[in-house]
Amino acid sequence: MKIAISSDHGGNRLRKEIIDLLTERGVEFEDFGPKNDDSVDYPDYATPVCEGVVEGRFNRGILICGTGIGMSIAANKTKGIRCALVHDVFSAKATRGHNDTNVLAMGERVVGAGHAREIVSAWLDTSFEGGRHAVRVEKLMMLED
Ligand code: RB5
């Protein structure tokens with residue numbers, strides 16, 4: 001499992017917390033920044049992560065901004081990305097099991113660090129259930145064409 005992760009300035013602190021979590025869990029990752037707290041535009045940081053996932057250099061991506069909304073909208077513009085904005089553990093499990101999401105978005109201004117860690121752990125640990133959900137995901141991806 002190799003993860004690509006980035007944020008904008010609004011998600012810097014939570015990104016570092018999640019990087020700590022990935023390190024603790026022994027999950028390989030690449031940090032796409034930003035490198036400081038300067039104000040940046042979230043699409044500029046979402047796209048490299050999403051392209052890395054679509055190109056197969058990473059298994060999944062994690063994107064963080066203030067709300068997670070901008071990052072999730074940006075991520076879903078990249079063909080092949082299924083990004084969910086998640087702020088609870090139930091949805092984290094469901095969106096892996098049912099939607100086979102390959103990118104997770106969260107908002108630093110929405111969720112506490114401890115809860116975010118549980119969300120990411122649940123999202124990493126849950127497998128896609130396939131079956132009827134595979135049919136739906138296939139139909140979802142056909143909407144891109
Ligand atoms: C930045 O202030 C903020 O707009 C951004 O982090 C994000 O919440 C956008 O959706």
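On a predicted model such as this, the values are computed, not experimentally measured, just so you know.

Rules used throughout
Each chain has its residues counted from 1, running along the sequence as written. Local features are withheld for residues below a pLDDT of 70 in this predicted model, meaning they are given only at 70 or higher, and side-chain atom pairs are given and counted only at 80 or more; totals for whole chains, interfaces and linings count all residues. Note that water and hydrogens are dropped before the side-chain values are worked out from all heavy atoms of the structure. Runs of H or I in DSSP of at least four residues are treated as helices and runs of E of at least two as strands, each being numbered from the N terminus. One fewer than the residue count of a helix, multiplied by 1.5 Å, yields its expected span. Whether a residue is buried, partly exposed or exposed follows from its accessible area with a 1.4 Å probe, protein chains only, as a fraction of its type maximum: under 20%, in between, or over 50%, in that order. What the arc measures is the spread of directions leading from the helix axis to the C-beta atoms. Should DSSP find at least two bridges between two strands, the strands are taken to pair. Here the term right-handed applies to a crossover when the path leading from its first strand over the helix to its second strand runs clockwise, the strands being oriented away from the viewer.

How should helix 2 (residues 42–54) be read in this particular structure?
Three- or four-residue spacings in an α-helix give side chains the same orientation, since the helix completes a turn every 3.6 residues. With 13 residues, helix 2 extends 18 Å between its outermost C-alpha atoms, agreeing within 8% with the 18 Å of an ideal straight helix rising 1.5 Å per residue. Turning to helix 2, its buried residues number three or more, namely Ala46, Val49, Cys50, Gly52 and Val53. All buried residues of helix 2 fall inside an arc of 155 degrees around its axis, so they share one side. Residue glycine 56 follows helix 2 closely and has a positive phi angle near 85 degrees.

I keep staring at the pairing of strand 1 (residues 2–7) and nothing clicks. Help me out?
Looking along a regular strand, one sees side chains alternate from face to face of the sheet. Within strand 1, five of the six residues are buried, leaving the element largely enclosed by the surrounding structure. Where strand 1 lies against strand 2 (residues 28–31), four bridges are found, and the strand directions are parallel. Bridge pairing links alanine 4 to glutamate 30 in strand 2. Taking the sense of rotation as the criterion, the β-α-β connection linking strand 1, helix 1 (residues 12–25) and strand 2 turns out right-handed. Inspection of the sheet shows strand 1 paired to strand 3 (residues 60–65) by five bridges, in the parallel sense. Along strand 3, the bridge assignment pairs isoleucine 5 with isoleucine 62.

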